Amino acid sequence: MNRDASHPYFNLPDFTQPSPPSTPVSFLSNPHHRCGPSDATKGLFVALLGGGLSAGFVGPFSRMAYQTSHLPSLELLIFRCLFHLPIALLLKFRGDPLLGPPDVRVRAFLHAMLNVLSIGCAYSAVQVVPAGNAVTVRKGSSTVCSALLALCLESQGLNGYAWCGLFGSTLGLIIIVGPGLGTLQEGTTGLYTALGYVLAFLGGLALSLGLQVYRSLHFPSCLPTVAFLFGLVGLVVSVPGLFVLQTPVLPQDPLSWSCVVAVGLLALVSFVCVSYAVTKAHPALVCAVLHSEVVVALMLQYYVLYETVTPSDIMGAGVVLGSIAIITVQNLSCEKDGQMEE
């Protein structure tokens, strides 16, 4: 009997009993393995929901403030910088230096200067060209410049899906702003319009440079420090420039004050979200996701400002949204706890 029981026939598995579920070896070796969005995906969602959507209201609200009270762009920048100054209380509470560590202080100030230049150019552009077109040119130039800077300075390339989404979002912006650039009027009006587009392009270039500088900053309380420095540098630059280049105007009606407060709060939220996102994902992809700001600005341009939205604007907005979907979906991945995706 013992010899027969040792025969392979008697050692076959009992198929009448349910077999236990199979578990991959990787899950057995690491019980903390889970499926979830990568850090890059989290950064892109923060840029989309907190950066792009909130920033889409800034351009139209800035134009409303200019139309109702003729509020100068530098004065609007001053009001925005005032919302950044209370962050100094947080830094003092945590015992951190207001201007950052001495070894990175120059780069922190450079980041603040580039952001002030970018915002100043953007606010000046929306006063002479439609808000949607100004935002479009600024975001398009920031995306292209961010991709080139990351490729040249960091040797940080993109995969095929990312390049496809980047190309599609840029194409959508060209579809939106192309017909407007082809019908510029001659004379003074056309000159001011062309100047507005140039300022929007320079604003995008300064934004991309600022994002690259921010990625090189690594110290505790980096985000609140650069947010405070933006407000400080913006005030130092804007206050003298307002009295030299423009005429100060005190808003009188509640609508203007509401627009000023909304611009300050929404811009602060967008600043914080974009600064966080660029540390998690490629700066070019962050700028591409921020193209959602263009779609929001076009909707407000039509429904709130009652400015014309052409079929090319709608078509370009659709291309932009499709490109954002491609960029976001291709970044969805499974990763282990604690694993950082490059």
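Residues numbered from 1 in each chain as written. Predicted model: local features only at pLDDT ≥ 70, side-chain atom pairs only at ≥ 80, totals over all residues. Heavy atoms only, no water.

## With respect to the overall build of the protein chain
Turning to step 1, where the next piece is worked out: Counting its secondary structure elements, the protein chain contains 15 helices and zero strands.
Turning to step 2, where the next piece is worked out: Expressed as a percentage of its 342 residues, the buried residues of the protein chain come to 50%.
Turning to step 3, where the next piece is worked out: Contacts spanning at least 24 positions in sequence make up 89% of the contacts within the protein chain whose residues lie at least 6 apart. (Helix = DSSP H or I, 4+ residues; strand = E, 2+ residues; numbered from the N terminus. Buried < 20%, exposed > 50% of the residue type's maximum accessible area, 1.4 Å probe, protein only. Contact = heavy atoms within 4.5 Å.)

## Some thoughts on unusual backbone geometry
The phi angle of most residues is negative, glycine excepted, and most peptide bonds adopt the trans form.
Turning to step 1, where the next piece is worked out: In this structure, histidine 70 is a non-glycine residue whose phi angle is positive, near 50 degrees.
Turning to step 2, where the next piece is worked out: Residue position: histidine 70 is located in the loop between helix H4 (58-69) and helix H5 (73-82).
Turning to step 3, where the next piece is worked out: If you check the backbone angles, serine 221 has positive phi at about 60 degrees while not being a glycine.

## A few points about the pattern of salt bridges
Turning to step 1, where the next piece is worked out: Under the definition given, this model contains one salt bridge.
Turning to step 2, where the next piece is worked out: In this structure, aspartate 96 engages arginine 94 in a salt bridge whose closest nitrogen and oxygen atoms are separated by 3.7 Å.
Turning to step 3, where the next piece is worked out: Classification of arginine 94 by relative accessible area gives partly exposed; the value is 48%. (Salt bridge = Lys/Arg side-chain N within 4 Å of Asp/Glu carboxyl O.)

## Some thoughts on the packing of helix H3 (residues 39-55) against helix H14 (residues 292-303)
Turning to step 1, where the next piece is worked out: Closest axis-to-axis distance for the H3/H14 pair is 7 Å, and the angle between their directions is 35 degrees. Helix-helix and strand crossings are classified by hand; for H3 and H14 the assignment is right-handed. Within the contact between the two elements, H3 uses Leu48, Gly52, Leu53 and Ala55 and H14 uses Ser292, Glu293 and Val296.
Turning to step 2, where the next piece is worked out: By residue class, the composition of the contact of H3 with H14 is four nonpolar, two polar and one charged. (Axes fitted to C-alpha atoms, helices over the stretch in contact; angles between N-to-C directions. Left-handed = near helix turned anticlockwise from the far one by under 90°. Nonpolar A, V, L, I, M, F, W, Y, C, P; charged D, E, K, R; others polar.)

## Topic: the UniProt feature "transmembrane region" (unreviewed entry) in the protein chain
Turning to step 1, where the next piece is worked out: In this numbering, the UniProt entry assigns the feature "transmembrane region" (unreviewed entry) to residues 43-62, 74-93, 108-129, 161-182, 194-214, 226-249, 255-277 and 284-302.
Turning to step 2, where the next piece is worked out: In residues 74-93, the share of helix is 80% and the share of strand is 0%. The end C-alpha atoms are 31 Å apart.
Turning to step 3, where the next piece is worked out: End C-alpha atoms of residues 108-129 are separated by 32 Å, and the span's content is 82% helix alongside 0% strand. (UniProt positions renumbered as here; feature names shortened; annotations may be inferred.)

## Observations regarding the nonpolar core
Turning to step 1, where the next piece is worked out: One finds Leu44, Leu77, Tyr123, Leu217, Phe230 and Val286 to be the most contacted residues of the largest nonpolar core, which totals 71 residues.
Turning to step 2, where the next piece is worked out: Here phenylalanine 230 is in contact with Leu77, Arg80, Cys81, His84, Ala112, Asn115, Val116, Ile119 and Phe271, once residues within four sequence places are set aside.
Turning to step 3, where the next piece is worked out: The next biggest cluster of nonpolar side chains, apart from the first, holds eight residues, and it includes Ala134, Val177, Tyr197 and Ala200. (Core = buried A, V, L, I, M, F, W, Y, C linked by side-chain atoms within 4.5 Å.)

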